[in-house]
Amino acid sequence: MSTKVLTRALFLIFVSLHVAADGDGTMNGFDLSNLTVDRGEILAGGPPRDGIPAIDAPGFVAAQEVNYLRDEDIVVGLVRGARARAYPLRILVWHEIVNDTFDGEPLAVTYCPLCGTAMVFDRRAGGRERSFGVSGLLYRSDVLMFDRETGSLWSQLAMESVSGPAAGARLVWLPSEHMTWQAWRQRYPDSEVLSPDTGFRRDYGGTAYASYFASDEPMFPVPKSRTELPDRALVVGVIVGGEAKAYPVEDLRSVEALDDHVGGTPVVVRYDGDSRRPEVSGPEGEQLPSVVVFWFAWQGFYPETGLWRPTE
C-alpha cells in the first residue's frame, strides 16, 4: 500500500470517529433536528463548543507600535472613511471569530483555516443583532458558527443559518481587504491593528496548522464535482447577482486587470502578487466582496461556479 493510500485510509478512519452525535441526539450540545443541510455532512472537528474561543472584546494597537507581525503575515482589513482596522490571520487562526463594532457597525470578522477563508459579515442577521461563537462543528470542512442568542448554527461559506430558530436566515457579506502586513502598513500607516492581548494564552508567534498548510488535501471530506484545479489551489471567489465565479490566483498574477461579467454585472478583477492582495470592483468602481479560498471548498459550496481561465 502506498504512503498516499495509507494516509488517505487513516484520514477516513479519523473522519468516521468525528461523525458520531452526542448520546441525546445533539452534536457538541447543538440541536440538529431542523437542519437545512445533510446531517451526515456535519462533523465534529475536535474542539468542544467554544473550545476555540471567539474574541468578544477586541483591543487594538496603533500600526506604528505593532511589533508582533512579520512583513509576510496576512491581514484582513476594513476601511471606513478615514479609519482603517486590520485583523491579522496570525491571531484569527486561534479564535476564528472576532465580534467587533467598527464605526458604529456590528461586525463578525471570521476565518476558517481549513478553507483559507477570511470573511466579514454584518452581525445584524435574521432581524436581530447577534454575537457569534465557534461551535466546534464543521460543514464541508468549513467552520460552523453559532449565535449566542438562539444557539442556531451558521455556515461561513454558505453565509446562512443551517439549524435552530434562525435556520434559513442569511448573512450580509461585506467587502474587506486582504493583503500582507507590509502592504497594509504602507497603505494605511495610521490604522488600528488587532492586539494579541486577547485575554487568552495562545502562541500567536507560532505557526498554527503548519502541517495542514503544507499538505495538499482537505482535512475533512468535501463533495467533489469539479476537478479543473488541484484541491488546494487558491482562487478568488466572488458572488454577484446570485452567480458564483472563481479566479485562480496563480493565473491572476500575470494579468494586470481582468474585465469580466458575473451575474450579468461588469466586474474588474485584479491581484497583486507582491502584496497578495485581490481586488474586485463593480461597474462604478465600488469594492465588491471577495474571498481567497481553497478550490476544494469553493467548488464544494458552489458546484456550479464559473471558473475563469486565461485561455478564455
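These numbers come from a predicted model, not from an experiment.

(A) Structural view of the sheet that holds strand 17 (residues 234-240). If you walk across this open sheet you meet the four strands as 22-17-18-23, and the pairing is mixed. Each edge of the sheet is formed by a strand with only one pairing partner; in this case those strands are strand 22 (291-294) and strand 23 (306-307). Pairing of strand 17 with strand 22, which is carried by four bridges, proceeds in the antiparallel orientation. Considered in strand 22, the bridge of Leu234 is made with Phe294.

(B) Here's a closer look at the layout of surface pockets. In this structure, the largest pocket occupies an estimated 790 Å³ of space. Lining the largest pocket are 28 residues, with Ile74, Leu89, Tyr111, Phe213 and Arg276 positioned closest to its centre. For the lining of the largest pocket, the secondary structure elements donating two or more residues are helix 2 (89-92), helix 5 (249-252) and strand 22. Considering every element that reaches the lining of the largest pocket, the biggest residue donor is helix 5, with three residues. Per-class residue counts for the lining of the largest pocket are 15 nonpolar, four polar and nine charged.

(C) Structural detail: the packing of aromatic side chains. The final tally for this structure, using the stated rule, is ten aromatic pairs. Considering the side-chain rings of Trp184 and Tyr188, the 4.4 Å spacing of their centres and the 50° angle between planes classify their relative orientation as tilted. Both residues of the pair, Trp184 and Tyr188, count as buried. Judged by centre distance (6.3 Å) and plane angle (35°), the ring pair of Tyr247 and Trp308 falls under tilted. Of this pair, Tyr247 sits in strand 18 (residues 243-248) while Trp308 is found in the segment after strand 23, placing the two residues 61 residues apart along the sequence. Both residues of the pair, Tyr247 and Trp308, count as buried. The ring of Phe146 carries Arg49 above its face, with NZ or CZ at 4.5 Å from the centroid.

Cut-offs used in this document
Per-chain numbering applies: the sequence of each chain, read as written, is numbered from 1 onward. In keeping with the model being predicted, local features are shown solely for residues with a pLDDT of at least 70 and side-chain atom pairs are shown and tallied solely at 80 or more, while totals for entire chains, interfaces and linings include all residues. As a rule here, side-chain values cover all heavy atoms of the structure and leave hydrogens and water aside. Strand pairing is assigned whenever DSSP detects at least two bridges linking the two strands. Where helices and strands are cited, they refer to DSSP runs of H or I of at least four residues and of E of at least two residues respectively, numbered from the N terminus. Any residue with an atom within 4 Å of a point lines the site, the site being either a cavity, points on a 1 Å grid over the protein atoms alone where a 1.4 Å probe fits but cannot get out, or a pocket, an open set with protein on both sides within 12 Å along at least 5 of 7 lines. Grid points are joined across faces, edges and corners, and a volume is the space filled by probe spheres set on the points. Side-chain classes are defined by residue name, with Ala, Val, Leu, Ile, Met, Phe, Trp, Tyr, Cys and Pro counting as nonpolar, Asp, Glu, Lys and Arg as charged, and the others, Gly among them, as polar. Only Phe, Tyr and Trp rings are paired, with Trp represented by its six-membered ring, and only when their centres lie within 6.5 Å; those with planes under 30 degrees apart are stacked, over 60 edge-to-face, the remainder tilted. Partly exposed describes any residue whose relative accessible area lies between the buried limit of under 20% and the exposed limit of over 50%, with all areas from a 1.4 Å probe on protein chains only and scaled to the type maximum. Two limits define a charge over a ring: the Lys NZ or Arg CZ must be within 6 Å of the ring centre, and within 35 degrees of the ring normal.

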